[in-house]
Amino acid sequence: MRKSVKGYNLELLNVLLALVCAVIVVAYFMYTMSGEVAARLGTHRLYYTCIFVLAGIMRYLQIIYVSADSGSPTNILYKDRFIQITLVLWLASFIAIIYFKDISIFK
């Protein structure tokens, strides 16, 4: 075991993971609601995609804490169907909001 690892314990790492996830969610929410981003992309409805980011992060935390499967995040992405579907829906909604903003359901 490396010396640097001795300074951490599982409880601290769990708290740090929760803190980083909270920061990611808040930063993404702020990004989608930014006036500058809305002006650049031509729409203020980008915040609709926040639900997919929140769902994906909550699912990842569920896998880590409830299922105790804290292996490689890449392997979790490859094998968890919910995260895959959430990622596809996030991407589809992002593209739809940006490129199809003139369609009546996005007005």
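Residues numbered from 1 in each chain as written. Predicted model: local features only at pLDDT ≥ 70, side-chain atom pairs only at ≥ 80, totals over all residues. Heavy atoms only, no water.

Here we take up the overall build of the protein. Check the secondary structure of the protein and you find 5 helices and 0 strands. The buried share of the protein, taken over its 107 residues, is 26%. In the protein, the share of contacts with a sequence separation of at least 24, taken over all contacts with a separation of at least 6, comes to 53%. In the structure as shown, the protein presents an accessible area of about 7,700 Å², 68% of it carried by carbon and sulfur atoms. (Helix = DSSP H or I, 4+ residues; strand = E, 2+ residues; numbered from the N terminus. Buried < 20%, exposed > 50% of the residue type's maximum accessible area, 1.4 Å probe, protein only. Contact = heavy atoms within 4.5 Å. Areas by Shrake-Rupley, 256 points an atom, 1.4 Å probe, with all protein chains shown as cover.)

This paragraph deals with the packing of aromatic side chains. Under the counting rule described, the total for this entry stands at 3 aromatic pairs. A ring pair is formed by Y47 and Y48, whose centres lie 4.7 Å apart and whose planes are at 65 degrees; its orientation type is edge-to-face. Classification of Y47 by relative accessible area gives partly exposed; the value is 33%. The partly exposed category is assigned to Y48, whose relative accessible area is 39%. Judged by centre distance (5.4 Å) and plane angle (40 degrees), the ring pair of W90 and F94 falls under tilted. One end of the pair, W90, and the other, F94, are both in helix α5 (residues 81-99), 4 residues apart, so they sit about a helical turn from each other. Accessibility expressed as a relative area gives 23% for W90, which makes it partly exposed. Assessed through its relative accessible area of 17%, F94 is described here as buried. (Phe/Tyr/Trp six-rings, centres within 6.5 Å; stacked < 30°, edge-to-face > 60°.)

Once that is clear, we can look at the side chain of T43. The topology assignment puts T43 in the loop between α2 (35-41) and α3 (50-65). For T43, a relative accessible area of 8% puts it in the buried group. Dropping the residues within four chain positions of it, T43 is found in contact with A38, I97 and K101.

All we've got here are geometric facts, nothing functional implied.
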